[in-house]
Amino acid sequence: EREGEYEIEILSSDVLTKSDGVITLSGDASLSFQEKGSSKRILYAGTIIVDTVNKKLTALDEVEFEDKSENASLDSIYADIVTVFWESGKIHVSEATTSSERKNSEDEKVVFYTAGERLTYFPEGGILYENGIIASNPKTQYSSIKADTIAMLPGEDMFISDAWLSIGRVPILYMPF
């Protein structure tokens, strides 16, 4: 567990209800949150549940999570469900699609997309995908890497296990490590 205070700011919501330490925002809901001394992260969703008893945020229905901090592994996450555990800093995501923007050696912008059945985003900046895919285009995957596990560490390192490199839908190379 980490020490620190969290600040949550409700940005918008059509309906707000509160009962026994649980605040529910519904209809075009958004909020920002940050740990003391860190940059703001933003959640947008159809419904956001703020559970002050269990110290977590749960967003449902067309969720978008933004993290624009310098050391963020991802710029944005699109998912069905996002749960933020603010004591540990972990973020659990179901049916996630993410995007990251980097610069290549020629200083050109490169965007790559990842998707997975389940994603865990760690406070140190690492990400673990289960049944994941990495591609340069989220809709038409002309080339991709599909793997049982994809671990992206802060910085440039990535570990993949039980992976296939594919061109279109045709697997070209299997990497069991």
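None of the values given here were measured: they were computed from a predicted structure. (Residues numbered from 1 in each chain as written. Predicted model: local features only at pLDDT ≥ 70, side-chain atom pairs only at ≥ 80, totals over all residues. Heavy atoms only, no water.)

Asker: I would appreciate a short explanation of the packing of aromatic side chains in the present structure.
Answerer: The geometry of an aromatic ring pair is captured by the separation of the ring centres together with the interplanar angle, meaning the angle of the planes. All told, the structure shown has 3 aromatic pairs when counted by the stated rule. Aromatic pair Trp-164 and Tyr-174: ring centres 4.7 Å apart, planes at 45 degrees, arrangement tilted. Remark: Tyr-174 occurs in strand β12 (residues 170-175) and Trp-164 occurs in strand β11 (residues 158-167); sequence separation between them is 10 residues. In this structure Tyr-174 comes out as partly exposed when scored by relative accessible area, which is 37%. Among the aromatic residues, those joined into a cluster by ring pairs are Phe-33, Phe-65 and Tyr-121. (Phe/Tyr/Trp six-rings, centres within 6.5 Å; stacked < 30°, edge-to-face > 60°. Helix = DSSP H or I, 4+ residues; strand = E, 2+ residues; numbered from the N terminus. Buried < 20%, exposed > 50% of the residue type's maximum accessible area, 1.4 Å probe, protein only.)

Asker: I tried to follow the environment of Gly-21 on my own but got confused; where do I start?
Answerer: Relative to the helices and strands, Gly-21 is located in the loop between β2 (15-19) and β3 (22-35). Between the C-alpha atoms of Gly-21 and Val-53, which are 32 residues apart in sequence, the distance is 5.8 Å. With residues up to four places along the chain from it excluded, the contact list for Gly-21 reads Val-50, Asp-51, Thr-52 and Val-53. (Contact = heavy atoms within 4.5 Å.)

Asker: Would you explain the environment of Tyr-6 in this entry?
Answerer: Relative to the assigned elements, Tyr-6 resides in strand β1 (residues 6-12). Spatially, the C-alpha atoms of Tyr-6 and Glu-87 are 8.7 Å apart, while their sequence positions differ by 81 residues. Among all residues touching Tyr-6, those that are not within four sequence positions of it are Phe-33, Gln-34, Glu-35 and Trp-86.

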